[in-house]
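Understanding the architecture of this molecule
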Amino acid sequence: GKEVLARAAHALSGRSGDFVAVNCGALPDNLIESELFGHKKGAFSGAHADHTGLVRAADKGTLFLDEIGDLPAASQAALLRVLQEREVTPVGGTRPVAVDVRIIAATHRDLDEMIADGQFRHDLFARLAGFRIAVPALAERRPDLGILIGSLYERHFPADAVGLDLDAARQQAAAEYAKLLFVLRPEQA
């Protein structure tokens, strides 16, 4: 759900660059900065060519940082600098490169608690937390299941296949929302 929302925000933004998604928790600690900020040929063993990096790949677009709470402290400081200066310096590079990137970050962790425990930088959080959305688990969004199933069906089966109808799924979801609204606020139903 998080990446779907991030992609939708990018699609509606009108930004001309690409949408680039990164799972911060899946990046090895010793390669995070190289992957995010790029590197120059010869910067370290195995750097056989220049690498642009994911931040620059999202220039004029959107960089989705999933599981931002898993980012180590040193990488948090480097990311903060990118956000403050709007430029990135590749590993082994000497000149910064200007970037225009929208950042959308997500995590399953409680960042407020991590800040209080000194595990996440408050200043980085302040730069990222311009607009916060709490996405409920799918189990809490039961009416969305019909829409999701219909959408997945359309993606994976030919248009003439016998099966689910997306409009029917939407009508079912609307009916479920109406029932939920009546339960929560019977005076407004």
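Cut-offs and rules
- Residues numbered from 1 in each chain as written.
- Predicted model: local features only at pLDDT ≥ 70, side-chain atom pairs only at ≥ 80, totals over all residues.
- Heavy atoms only, no water.
- Patch = residues over 30% accessible without salt bridge, like charges linked within 9 Å, V, L, I, M, F, W, Y side chains within 5 Å.
- Areas by Shrake-Rupley, 256 points an atom, 1.4 Å probe, with all protein chains shown as cover.
- Salt bridge = Lys/Arg side-chain N within 4 Å of Asp/Glu carboxyl O.
- Helix = DSSP H or I, 4+ residues; strand = E, 2+ residues; numbered from the N terminus.
- Buried < 20%, exposed > 50% of the residue type's maximum accessible area, 1.4 Å probe, protein only.
- Contact = heavy atoms within 4.5 Å.
- Pairing = 2+ DSSP bridges.
- Axes fitted to C-alpha atoms, helices over the stretch in contact; angles between N-to-C directions.
- pLDDT = per-residue confidence, 0-100.

**Notes on a nonpolar patch on the surface**
Nonpolar side chains collect at one region of the surface, where Leu5, Phe131, Ile133 and Val135 lie side by side and expose about 430 Å² of accessible area between them. Relative to the helices and strands, Ile133 is located in the loop between helix H6 (122-128) and helix H7 (144-156).

**Quick word on the environment of His122**
Here His122 is to be found in helix H6. For His122, a relative accessible area of 53% puts it in the exposed group. Placed ten residues apart in sequence, His122 and Asp112 show a C-alpha to C-alpha distance of 8.7 Å.

**Let's talk about the environment of Ala58**
Relative to the assigned elements, Ala58 resides in the loop between helix H3 (54-57) and strand S2 (62-66). Spatially, the C-alpha atoms of Ala58 and Phe19 are 6.2 Å apart, while their sequence positions differ by 39 residues. The contacts of Ala58, once residues within four sequence positions are left out, are Asp18, Val20, Leu63, Asp100 and Val101.

**Structural notes on the sheet that holds strand S5 (residues 102-106)**
Within the open sheet, the three strands sit side by side as S1-S2-S5. Their pairing is parallel. Among the strands making up the open sheet, the edge pair consists of strand S1 (19-23) and S5. Neighbour-to-neighbour, the strand axes of the sheet open up by a mean angle of 15°, direction not taken into account. In this structure, S1 lies alongside S2, joined through five bridges in parallel fashion. What sits directly across from Val22, in S2, is Leu65.

**Here's the deal with the confidence of the model for the chain**
Averaged over the chain, the pLDDT score is 82; the fraction of residues at 70 or greater is 83%. Across residues 185-189, where pLDDT falls below 50, the model places two contacts with residues more than four positions away in sequence or in other chains.

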